[in-house]
Structure formats: C-alpha cells, structure tokens
Amino acid sequence: MIRPKTIVSFALSFIAAAMLATSVAQAEVPAMMSYQGRLQDSQGAPLDGTFDMIFAIYDVATEGTALWTETQSVAVNEGHFIVLLGSVESLPADLFSAQVRYLGVTIGADPEMS
C-alpha cells in the first residue's frame, strides 16, 4: 500500500523536475526556426518556382536595425513555401532576449514586405 505522504512527495518531485525542464527549454534559443508562407502575384494567383528571399529579424516594427539576416533560395509550390531560418546564418544566442521581434521578408529585387 502506498502512503499518501509518498504520493505527495513523488508529485512534488515530478512538478519540480517539470518546472526545471521547462525553464531550461525556454532559456535556449533554437538553432533553427521554421517559417512558412504563401506567395502570390498582384492578382492573388499563387506563384510557383524558386525565389531568392532575404529574411531579417528586427528589434522594432519600422525603420529598425536588422539584428539578423540570411538569404535563401526558396522553392515555392502552388504559392506555399517552408524555410528553416538559421539554416544559412546561425541565429544569435541573444536574438530573442526581448519579448518582441519583427520578421521582414524580401523577395528578389522587390522592396521588403510590410
């Protein structure tokens, strides 16, 4: 027979371990981050092909300084694409030290999307 005191002790140990694992997981910056999007022309038709895309992460929404950038050649199928940010240029360890960051995306020679 398991004593109630043992169950409470086990439960507290489990909760403490879970909290520790969560705090460690939240403190780590991912080596890469998945991002997906949809690319369409000015009439709304989905695009197909391979496009050079520049991804940048900023500290403010407009007229900020890019904290990180990378360029990827991205395959787009029926307008959909998926990339791993950080697969070309590593994400800095302190990139997400603030709660808010902004992603800018540039396709080819067009200006960055807003």
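In this text, all values refer to a predicted model and were calculated from it rather than measured experimentally. (Residues numbered from 1 in each chain as written. Predicted model: local features only at pLDDT ≥ 70, side-chain atom pairs only at ≥ 80, totals over all residues. Heavy atoms only, no water.)

**Q** Now, about the layout of surface pockets: what can you tell me, with residues and values included?
**A** By volume, the largest pocket is sized at about 190 Å³. What lines the largest pocket is simply Y58, V60, A61, T62, E63, G64, Y102, L103, G104, E112, M113 and S114. Per-element accounting of the lining of the largest pocket gives the leading share, 3 residues, to strand 5 (residues 102–107). Tallied by class, the residues present in the lining of the largest pocket amount to 6 nonpolar, 4 polar and 2 charged. (1 Å grid on protein atoms, 1.4 Å probe; cavity = no way out; pocket = protein on both sides within 12 Å on 5 of 7 lines; lining within 4 Å. Points joined across faces, edges and corners; volume = space filled by probe spheres on them. Helix = DSSP H or I, 4+ residues; strand = E, 2+ residues; numbered from the N terminus. Nonpolar A, V, L, I, M, F, W, Y, C, P; charged D, E, K, R; others polar.)

**Q** I'd love a proper account of the packing of aromatic side chains, names of residues and values included.
**A** This structure, assessed with the given rule, holds 2 aromatic pairs. Considering the side-chain rings of Y35 and F81, the 6.2 Å spacing of their centres and the 55° angle between planes classify their relative orientation as tilted. Pair noted here: Y35 is in strand 1 (residues 33–38) and F81 is in strand 4 (residues 80–85), with a separation of 46 residues, a long-range link. An aromatic cluster is built from Y35, F55 and F81, whose rings are joined through pairwise contacts. (Phe/Tyr/Trp six-rings, centres within 6.5 Å; stacked < 30°, edge-to-face > 60°.)

**Q** I'd love a proper account of the side chain of Q72, names of residues and values included.
**A** Tracing the backbone through its elements, the reader meets Q72 in strand 3 (residues 66–76). Here S87 takes part through its side chain, which lies 3.4 Å from a polar atom of the side chain of Q72. Not counting the four nearest positions on each side in its chain, Q72 is found in contact with F51, D52, M53, F55, V83, L84, L85, S87 and V88. (Polar contact = N/O pair within 3.5 Å; in protein donor to acceptor, adjacent residues only side chain to side chain. Contact = heavy atoms within 4.5 Å.)

**Q** Describe the side chain of T106, and please don't skip the residues or the numbers.
**A** Within the secondary structure layout, T106 lies in strand 5. Look at T106 and you get buried, because its relative accessible area is 12%. Aside from chain neighbours lying at most four places away, what touches T106 is D52, M53, I54, P111 and E112. (Buried < 20%, exposed > 50% of the residue type's maximum accessible area, 1.4 Å probe, protein only.)

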